[in-house]
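For reference, the chains in residue letters:
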Amino acid sequence: MDTTGCHDCDSSCVTCTGPTKTNCTSCQGVKFFDTLTQLCSYECPSGYFGDEHSGVCKSCSPGCKLCHGSNNCKRCNAGLLLVSKRCQNHCPSGTYKTPTNTCEPCDVSCEECNSLPTQCIKCKDHEMLSEQTCVAVCPKGTFLEASAKKCFKCDESCEECSGPLSNECTKCNKSSVKVGSRCLKECPTQYYYNRATEQCQPCDYYCHTCEGGNGCSLLSFIHSYFKLFFVYFEILLRKRFQR
């Protein structure tokens, strides 16, 4: 028996409290001491990192699965997102979630984005959203919904509009003509096309058709003549039968 009362540690230990490898308090070589298992190991368990100064496995930041220091997380536990080397439940404003569960900055044009840096879902104060892109002015064929700060599509008959309905057109395609706030293929009966205003305007009240606002077309004149003739003829017949 050793009269000093000192016994050899296990070969994996530098210092120990007993003879086995589970009694180490510090480790040989590049091994780290795992305080959970009381064992020396070349790698620390998940959620811990090897501190080279103390030779002890120390905890990563909360929610971190793999780290290179207490404030340098590289991978988070399932369901958490890596944000600025720490783990969080949600990506902060101005960032988006990547397929590898990290949060990356949105493009400078977006205030908030989704899936891709340029896929905007919210714009800065002076811009509005148009099909996941932030713009200063709504593009042709769309109108601004001010309360939502979004550009929505016009009715397909409109080139420009003030709302989504077919009677909210403010400008028509070249293949259409404007009648009030609608875009039609041609001017309807009792209207003529005014090239100066680029829209259909009503004929004189007595015209069925016209080529301008100050007179009927020949066909319209003939139509109006026969219409008046039959009205006059009907009046004569009524007077005759009343006698």
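Preceding this paragraph is the structure being described.
Below you will find a few notes about this structure.

### Re the packing of aromatic side chains
- With the rule as written, the count across this model stands at one aromatic pair.
- Ring geometry for Phe143 and Phe152: centres 6.1 Å apart, planes at 35 degrees, overall tilted.
- Its relative accessible area of 7% is what places Phe143 among the buried residues.
- Under the relative-accessibility criterion, Phe152 is labelled partly exposed at 37%.

### Section: the nonpolar core
- The biggest cluster of nonpolar side chains holds nine residues, and these are Phe49, Cys60, Cys64, Cys67, Cys73, Cys76, Leu80, Leu82 and Cys87.
- Ignoring any residue separated from it by four or fewer positions in sequence, one finds Cys67 in contact with Tyr48, Phe49, Cys60, Asn72, Cys73 and Lys74.

### Side note on the pattern of salt bridges
- By the definition in use, this model includes four salt bridges.
- The partner of Glu111 in a salt bridge is Lys122, with the nearest N and O atoms 3.8 Å apart. Of this pair, Glu111 sits in the loop between strand S12 (103-105) and strand S13 (112-113) while Lys122 sits in strand S14 (residues 120-122), placing them 11 residues apart in sequence.
- The class of Glu111 is partly exposed, set by a relative accessible area of 27%.

### As for the side chain of Glu127
- Looking at the element boundaries, Glu127 is found in the loop between S14 and strand S15 (128-130).
- Buried and unpaired, Glu127 has Lys124 as its nearest opposite-charge partner, separated by 6.6 Å.

### A word on unusual backbone geometry
- With a phi angle near 65 degrees, Gln38 is a residue other than glycine that sits in the positive phi range.
- Along the chain, Gln38 falls in the loop between strand S3 (32-34) and strand S4 (39-41).
- Its identity is not glycine, yet Lys85 carries a phi of approximately 70 degrees, on the positive side.
- Its location among the elements puts Lys85 in the loop between strand S9 (81-83) and strand S10 (86-88).

### Points about the state of the cysteines
- Inspection of every chain in the model, using the stated rule, returns 17 disulfides.
- Here Cys106 connects covalently by a disulfide to Cys113, the sulfurs 2.0 Å from one another. Torsion about the S-S bond of the Cys106 and Cys113 cystine: about -90 degrees, corresponding to left-handed handedness. Both residues of the pair, Cys106 and Cys113, belong to the buried class.
- Note on cysteine connectivity: Cys123 is disulfide-linked to Cys134, with sulfurs 2.0 Å apart. Taking the sign of the torsion about the S-S bond as the criterion, the disulfide between Cys123 and Cys134, at about -95 degrees, is left-handed. Here Cys123, found in the loop between S14 and S15, pairs with Cys134, found in strand S16 (residues 133-135); they are 11 residues apart in sequence, far enough to count as distant.
- Taking the relative accessible area as the measure of exposure, Cys123 reaches 7% and is therefore buried.
- Cys134 sits in the buried class, given a relative accessible area of 10%.
- Here Cys6 is not cross-linked by a disulfide; its sulfur's nearest cysteine counterpart is in Cys9, at 9.6 Å.
- The exposure class assigned to Cys6 is exposed, which follows from its relative accessible area of 52%.

### Notes on the side chain of Asn194
- By secondary structure assignment, the location of Asn194 is in strand S23 (residues 191-194).
- Taking relative accessible area as the criterion, Asn194 reaches 17% and is therefore assigned buried.
- Within the structure, the side chain of Asn194 is placed 2.9 Å from the backbone nitrogen of Ala196, a separation counted as a polar contact.
- If we ignore the near neighbours within four places in the chain, the residues touching Asn194 are Gln199 and Gln201.

Parameters and conventions
- Throughout, residues of each chain are indexed from 1 in the direction in which the sequence is written.
- Residue-level local features of this predicted model are given only where pLDDT is at least 70; pairs of side-chain atoms are given and counted only at 80 or more, and the full residue set underlies all totals for whole chains, interfaces and linings.
- Based on all heavy atoms of the structure, the side-chain values leave hydrogens and waters out of the count.
- Centre distance within 6.5 Å is the pairing criterion for rings of Phe, Tyr and Trp, where only the six-membered ring of Trp is used; planes under 30 degrees apart are then read as stacked, over 60 as edge-to-face, and the remainder as tilted.
- Burial classes: relative accessible area under 20% of the type maximum marks a residue as buried, over 50% as exposed, and values in between as partly exposed (1.4 Å probe, protein chains only).
- Nonpolar cores were defined as sets of buried Ala, Val, Leu, Ile, Met, Phe, Trp, Tyr and Cys residues, with membership established by side-chain atoms within 4.5 Å.
- Note on definitions: a residue-residue contact is assigned when non-hydrogen atoms from the two residues lie within 4.5 Å.
- Salt bridge, as applied in this entry: a Lys or Arg side-chain nitrogen positioned within 4 Å of an Asp or Glu carboxyl oxygen.
- To qualify as a helix, a DSSP run of H or I must reach at least 4 residues; to qualify as a strand, a run of E must reach at least 2; elements of each kind are numbered from the N terminus.
- We count Lys and Arg on the positive side and Asp and Glu on the negative side, and we leave His and both chain ends out.
- Whenever a pair of cysteine sulfur atoms sits within 2.5 Å, that pair is classed as a disulfide.
- As used in this structure description, the phrase polar contact means that two N or O atoms lie within 3.5 Å; if the pair is within protein, one of them must be able to donate a hydrogen and the other to accept it, and residues adjacent in sequence are counted only when both atoms belong to side chains.

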